Amino acid sequence: KAGVTQTPRYLIKTRGQQVTLSCSPISGHRSVSWYQQTPGQGLQFLFEYFSETQRNKGNFPGRFSGRQFSNSRSEMNVSTLELGDSALYLCASSLGTGVIADTQYFGPGTRLTVL
Amino acid sequence: GDSVTQMEGPVTLSEEACLTINCTYTATGYPSLFWYVQYPGEGLQLLLKATKADDKGSNKGFEATYRKETTSFHLEKGSVQVSDSAVYFCALRYGGATNKLIFGTGTLLAVQP
């Protein structure tokens, strides 16, 4: 079974631009979560989508948004990029059943650099 | 609020040494506990998990036991290899209407031949 895929793997943008990252979950998984990883703040939860609905949201400004499509693929968008948005963005998928044993599987991440 | 605390790294060991990475948590309920590993330039891989008190998770020679009385989930391995060099993250998650994982800060393990 194919794992979680993220595209692109690397991205360079300048301040003020916007960016869209894509995540394809494992087949059959309906929940997709996004995390930001930086050296200073570590791994922080951005948001989670399940069946095209945002189920949970972390403490990030409104410049960070996301969506999920009917095939469970997800995109996240960051508008008006700032230098501090430089990070590794990780996507994770799971069945989303709500069962406590449900496990999240991570993709390789998208490395975003803002100049 | 809920949180996870890991021992500071880096941890530097010689091959075949014993490993312990401490992890304690603060939680209002009864979460599942996880260890994830991140190799250089890669995403996170699930190493092991435990979903209730006294459960022991194990994989690839690593073990961790969910200790509710001490709110701990320490990662152990009897004999480390150079290939175990990576960053290890402890995390917790509740079931129900959220999949949100709360991570510790990560512990870098460097194993020398």
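Right, let's walk through the structure included here.

Now for the sheet that holds strand β8 (residues 62-65) of chain B. Residues and elements named next belong to chain B. The four strands are arranged β3-β9-β8-β7 in an open sheet whose pairing can be described as antiparallel. In this open sheet, the two strands that pair with only one neighbour each are β3 (19-21) and β7 (56-59). For this sheet the average axis-to-axis angle between neighbouring strands, irrespective of direction, equals 15°. In the sheet, β8 pairs with strand β9 (residues 75-77) via two bridges, with the strands oriented antiparallel. In the sheet register, E63 faces β9, and the bridge partner there is E76.

Attention now goes to the interface of chain A and chain B. Contacts between the two partners involve 24 residues from chain A and, on the opposite side, 23 residues from chain B. Taking both partners together, chain A and chain B bury about 1800 Å²; carbon and sulfur atoms supply 51% of that area. Our enumeration of links across chain A and chain B arrives at four residue pairs in polar contact (both at pLDDT 80 or more). Going through the elements one at a time, β4 (31-38), β5 (42-50), β6 (53-57) and β9 (87-94) of chain A are the ones with two or more residues in the side of chain A that touches chain B. No other element matches the four residues that β4 of chain A contributes to the side of chain A that touches chain B.

One finds L19, W35, L48, F73, L75 and Y88 of chain B to be the most contacted residues of the largest nonpolar core, which totals 27 residues. Here the element with the most residues in this core is strand β10 (residues 86-93) of chain B; it accounts for four residues. Excluding its chain neighbours within four sequence positions, the residues that come into contact with F73 of chain B are C23, L33, F34, W35, L48, K49, A50, A64, T65, Y66 and C90 of chain B. The next biggest cluster of nonpolar side chains, apart from the first, holds 21 residues, and it includes V19, C23, F47 and A87 of chain A.

Moving on: the state of the cysteines. Residue and element names in this part refer to chain B. Applying the stated rule across the entire model yields two disulfides over all chains. Between the sulfur of C23 and that of C90 lies a disulfide, 2.0 Å long from S to S. The S-S bond linking C23 to C90 shows a torsion near -70°; that makes this disulfide left-handed. Of the two residues, C23 is situated in strand β4 (residues 23-26) and C90 in strand β10; the sequence distance between them amounts to 67 residues. C23 sits in the buried class, given a relative accessible area of 1%. The thiol of C18 is not disulfide-bonded; the next cysteine sulfur, from C23, is found 20 Å away. Its relative accessible area of 59% is what places C18 among the exposed residues.

What counts as what
Residues numbered from 1 in each chain as written. Chains lettered and ligands numbered in written order. Predicted model: local features only at pLDDT ≥ 70, side-chain atom pairs only at ≥ 80, totals over all residues. Heavy atoms only, no water. Pairing = 2+ DSSP bridges. Helix = DSSP H or I, 4+ residues; strand = E, 2+ residues; numbered from the N terminus. Axes fitted to C-alpha atoms, helices over the stretch in contact; angles between N-to-C directions. Contact = heavy atoms within 4.5 Å. Buried area = accessible area lost by both parts, 1.4 Å probe. Polar contact = N/O pair within 3.5 Å; in protein donor to acceptor, adjacent residues only side chain to side chain. Core = buried A, V, L, I, M, F, W, Y, C linked by side-chain atoms within 4.5 Å. Buried < 20%, exposed > 50% of the residue type's maximum accessible area, 1.4 Å probe, protein only. Disulfide = S-S within 2.5 Å.

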